[in-house]
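# An overview of the molecular structure
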Amino acid sequence: MSTENSYQFKASTSKVLQIITHSLYQNSEVYLRELISNASDALNKVRIKQLQSENILDPAAPLEIRLIADKERNTLTVSDTGIGMTKSELQENLGTIAQSGTEQFLQALDEGGDATELIGMFGVGFYSAFLVASKVEVITRGVSPQSKAWKWSSDGEDSFTIEPAEKESRGTDIILHLKEEDEKYLNNWELRTLVRRYSNYIQFPIKAKKTDPKEDEDEWETLNDQVALWRKNPKEVTEEEYEGFFRSLSMGGTPLATIHLRVETPIEFYAIIYIPRFKTQNFMAQQDEWGLNIYNRKVLINESNKEMLPEWARFVVGVVDGENLKLNVSREVLQENSTKRAIQKHLAKKILDKLEEMADEFGKEITVESEEEDGEPETRTNEDYMDFWREFGPFLKEGIAQDSQYKDRLTELLRFDSTAEEGKLGGRSLTDYVINMKPDQDKIYYLTGLELDMLKKSPHLEYYKKEGVEVLLLGEPIDSFLMMHLNEYQEKPFFLIDEEETEEEEEKSEETEDEEDDSPKEKTGPLAPLLTRAVTVLGTKVSDVKTSERLVGAVASLVTPKGGMNSNLQRAMRIMQAQQGGAGLGNMGMMGKVLTLNPNHELVQRLNSLVENTPEDERIDMMILQIHDQARILEGDVPDFAEMLSRMENIMKFAVDE
Ligand code: ADP
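### Some details on the sheet that holds strand S13 (residues 299-305)
What the five strands build is an open sheet, ordered S10-S11-S14-S12-S13; its pairing is mixed. Strands with a single pairing partner mark the edges of an open sheet, and in this sheet they are strand S10 (257-263) and S13. Within the sheet, the average angular offset between the axes of one strand and its neighbour, ignoring direction, is 15°. Sheet topology places strand S11 (residues 269-275) next to strand S14 (residues 317-322); six bridges connect them, and they run antiparallel. Each residue of the ladder has a partner; that of Tyr-274, found in S14, is Val-317. Contacts from helix H7 (residues 239-250) reach S10, S11, strand S12 (292-296) and S14 within the one sheet, and its direction differs from that of S11 by about 80°.

### Looking at the pattern of salt bridges
For side chains of opposite charge, pairing can occur when their charged atoms come near one another. In the structure shown here, the tally under the stated rule is 35 salt bridges. Linking Arg-409 and Asp-353 is a salt bridge whose minimum nitrogen-to-oxygen distance equals 2.6 Å. Taken together, the residues span a long stretch of sequence, with Arg-409 in helix H12 (residues 407-412) and Asp-353 in helix H10 (residues 333-361) at a distance of 56 residues. The exposure class of Asp-353 is partly exposed, given its relative accessible area of 26%. Through salt bridges with shared partners, a single ionic network connects Arg-574, Asp-629, Arg-632, Asp-637, Glu-643 and Arg-647.

### Notes on the nonpolar core
Counting residues in each nonpolar core, the largest one holds 69 residues, and the members touching the most others are Val-136, Trp-152 and Leu-176. In this structure, this core is formed jointly by two domains, domain 1 (6-222) and domain 2 (229-360), each of which donates at least three residues. When sequence neighbours within four positions are dropped, the list of residues in contact with Leu-176 reads Tyr-31, Leu-35, Asn-74, Thr-75, Leu-76, Ala-129, Val-132, Ala-133, Lys-135 and Val-136. Ala-257, Trp-312, Ile-351 and Val-471 belong to the second largest nonpolar core, which has 67 residues in total.

What counts and how
Residues numbered from 1 in each chain as written. Predicted model: local features only at pLDDT ≥ 70, side-chain atom pairs only at ≥ 80, totals over all residues. Heavy atoms only, no water. Pairing = 2+ DSSP bridges. Helix = DSSP H or I, 4+ residues; strand = E, 2+ residues; numbered from the N terminus. Axes fitted to C-alpha atoms, helices over the stretch in contact; angles between N-to-C directions. Contact = heavy atoms within 4.5 Å. Salt bridge = Lys/Arg side-chain N within 4 Å of Asp/Glu carboxyl O. Buried < 20%, exposed > 50% of the residue type's maximum accessible area, 1.4 Å probe, protein only. Core = buried A, V, L, I, M, F, W, Y, C linked by side-chain atoms within 4.5 Å. Domains from an automatic or database assignment.

None of the figures reported here should be taken as evidence of function without further support.
Structure (structure tokens):
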């Protein structure tokens, strides 16, 4: 049905056109990115011809892209001085879509691909013009000096026309007759926003007329930065440039560390990854607003992309740019995954390298430029790693718990508070701990809890302090999860010190014999009256009441019996329950613990005499319950406060009466 200059779109082309206009309308702004990318490709081709010193039309014309908004005619023109098209090229390029491309595009969409990303990949980018235009005209003139100008025109339904046109200069003008609802694209500010968002690093200037030119009507301004920092040689990038780019990604501040990569094999890609000093605003506001900006040949294709970072590394910000990333990323699912996985692995390795380097440099003297102009350089201690650790340590811990692939390297990066002098500021590594172990020590002792200050006062520490054995203190909620995944380090098992220790059990071997029997045993020894009474009063609140020589200053403490439910697990369950809005922390106490009493403590001894001499004294049960509640508090557990307060008042009344 073609007339001399009117042509039908191929069936497959119409189909893609339909899909694009119907499925992409919410994201119609990508049209500008696609048209600018095409213009940039066309300019690149001219540059190659110039390099090969071919004879071309308009050799002196500047290589640039102009956006021309005509508010009277409601048109936006994307104009380039690129390679242009001949008549047959127009017919070929803008009338058909390579069959293979169409099929792949449709298939990728079918498989749930993101149309916004896919559109530029399969030679269908030009058609996105119809997202915002009811009619598109293309006036183009080829690069050869003898070339003629042609006009292609279509309303995006099923046909297009080609006719001779007038055009003085080389290149292509894409004239968009904007739909009513898309007239906002005549607004200079809107155009600038889109250019900076998607096309900021296109290497040719993208110009628009100044909204308010002072004298000269034709004053043009360049909207894009052009230089993609990540593509430059790292040696040529200044600190200011890195910091400036960091600010553009993260809304302010300076980064703690910068990783600049240019990788050639097996996949060519460029990246700048920053380790920030603080969690970014995005991060705080929305948990899933993390990820990298992915570019293909300097054009943004995806923001907050999560596929190229392991989840634990979500504190970083940065960009990845590839030569052929888009094609690889979607041509085929298998290939796609392997590309992403390869990049993710590479980035994870570099992030770990950088963190290890920072950890090594920690505490060393460094010379920095003076804050004041012309001031002498100053020396200070490098504290970057601990700054990092305090802000982002929990992410690494999460990595150990969730990603076995990086577990070993992440474990080396852990830092702890501990009872050793050097562990007071929280910078103790496991290597340090092992070096500091006593000659006959075979375990790594640690204590978990919900608050560091409470942990430091824990009665469990008393024995180890007395013996001069270092104990690691882990006071963050995530630590209970972490320690469920760390079993040993350098073949030394971790040991949670609120558990009864094995040796102790072995010594009292006659006790272990009837371990099967859960019920508390017949009490013997001088404190038997108190122990028996406490077992009765506390009932199911504890699994047993015993004395312990391990306590030094404390009255009592709660320990996990051998084979009892590990406190990490109990705490983790409670944290998860609370997060899911389930029962509050108070409703589910630490279960199955043994209450141990300090046989050398005056309160314990006097309470025992009371039981022996005046068992009917009502203070006895009150005090046993109170001692138990206080031990729970020291474990980070939450007793029933109302009950505890009224009991306290009663105890105080007795104290006043005496
Ligand atoms: P792709 O750019 O992915 O090949 P498009 O549908 O965007 O797919 O464009 C189809 C073809 O049309 C391009 O490959 C190019 O040959 C030609 N083309 C599009 N825009 C221009 C332009 N501004 N200058 C010269 N050629 C162009």
